[in-house]
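# Survey of secondary and tertiary structure
Okay, here's what each chain looks like letter by letter:
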Amino acid sequence: YSSLLNEEEKDFVKEIIRCKSKNNVEKKEKLFNGLKNECLNIIDKLIGESNDDDKVGLEAIKEQIDSKMFCEDTLVSDIANLLEIRDVLKS
């Protein structure tokens, strides 16, 4: 995976593995919420820079992300999804 992931993504994978092995729910939730908030902050910035048509789509994405709640059972797929969304938003 080293050729597919950037350094930040590798760090997230390592953190997930550490959280999973320690079974520390607080750390897992902190990791999830940190990434969720990062996505929401990027969206807020984009909304401020966008035209009305783009704002509607961005608001819908923001609502979906904002409503996403931490779930230990789906943590890995949720983190992967948020990473993908974040990368798309950044590009």
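Quick note: structure is the one above.
Keep in mind the model is a prediction, meaning the values are calculated, not measured. (Residues numbered from 1 in each chain as written. Predicted model: local features only at pLDDT ≥ 70, side-chain atom pairs only at ≥ 80, totals over all residues. Heavy atoms only, no water.)

Moving on, we get to the overall build of the protein. Counting its regular elements, the protein contains 4 helices and 0 strands. When the helices and strands of the protein are read in sequence order from the N terminus, they spell out α-α-α-α. In the protein, the proportion of contacts linking residues at least 24 apart, taken out of those at least 6 apart, comes to 62%. Accessible surface, the protein as shown: approximately 6,300 Å² in total, 51% of it carbon and sulfur. (Helix = DSSP H or I, 4+ residues; strand = E, 2+ residues; numbered from the N terminus. Contact = heavy atoms within 4.5 Å. Areas by Shrake-Rupley, 256 points an atom, 1.4 Å probe, with all protein chains shown as cover.)

Right, let's talk about the pattern of salt bridges for a bit. Enumeration according to the criterion identifies 6 salt bridges in this entry. Residue Glu-72 pairs with Lys-28 through a salt bridge whose shortest N-O separation is 2.6 Å. Of this pair, Glu-72 sits in the loop between helix 3 (52-67) and helix 4 (75-90) while Lys-28 is found in helix 2 (residues 25-49), placing the two residues 44 residues apart along the sequence. Overall, Lys-28 belongs to the buried group, its relative accessible area being 5%. Of the charged contacts in the structure, one is a salt bridge between Lys-68 and Asp-78, with a shortest N-O distance of 3.5 Å. (Salt bridge = Lys/Arg side-chain N within 4 Å of Asp/Glu carboxyl O. Buried < 20%, exposed > 50% of the residue type's maximum accessible area, 1.4 Å probe, protein only.)

The next thing to look at is the environment of Leu-31. Inspection of the secondary structure puts Leu-31 in helix 2. A relative accessible area of 11% places Leu-31 in the buried class. Placed 39 residues apart in sequence, Leu-31 and Phe-70 show a C-alpha to C-alpha distance of 9.7 Å.

This brings us to helix 3. Helix length check: helix 3, at 16 residues, gives a terminal C-alpha distance of 23 Å against a target of 22 Å (1.5 Å per residue), a fit within 8%. Measuring from the side-chain oxygen of the N-cap residue of helix 3 to the backbone nitrogen of Asp-53 gives 3.1 Å; that N-cap residue is Asn-51. (Expected span 1.5 Å × (residues − 1). Polar contact = N/O pair within 3.5 Å; in protein donor to acceptor, adjacent residues only side chain to side chain.)

Note that Met-69 resides in the loop between helix 3 and helix 4. Judged by relative accessible area, Met-69 falls into the exposed class, the value being 60%. When neighbours within four sequence positions are excluded, Met-69 is seen to be in contact with Phe-32, Lys-36 and Asp-78.

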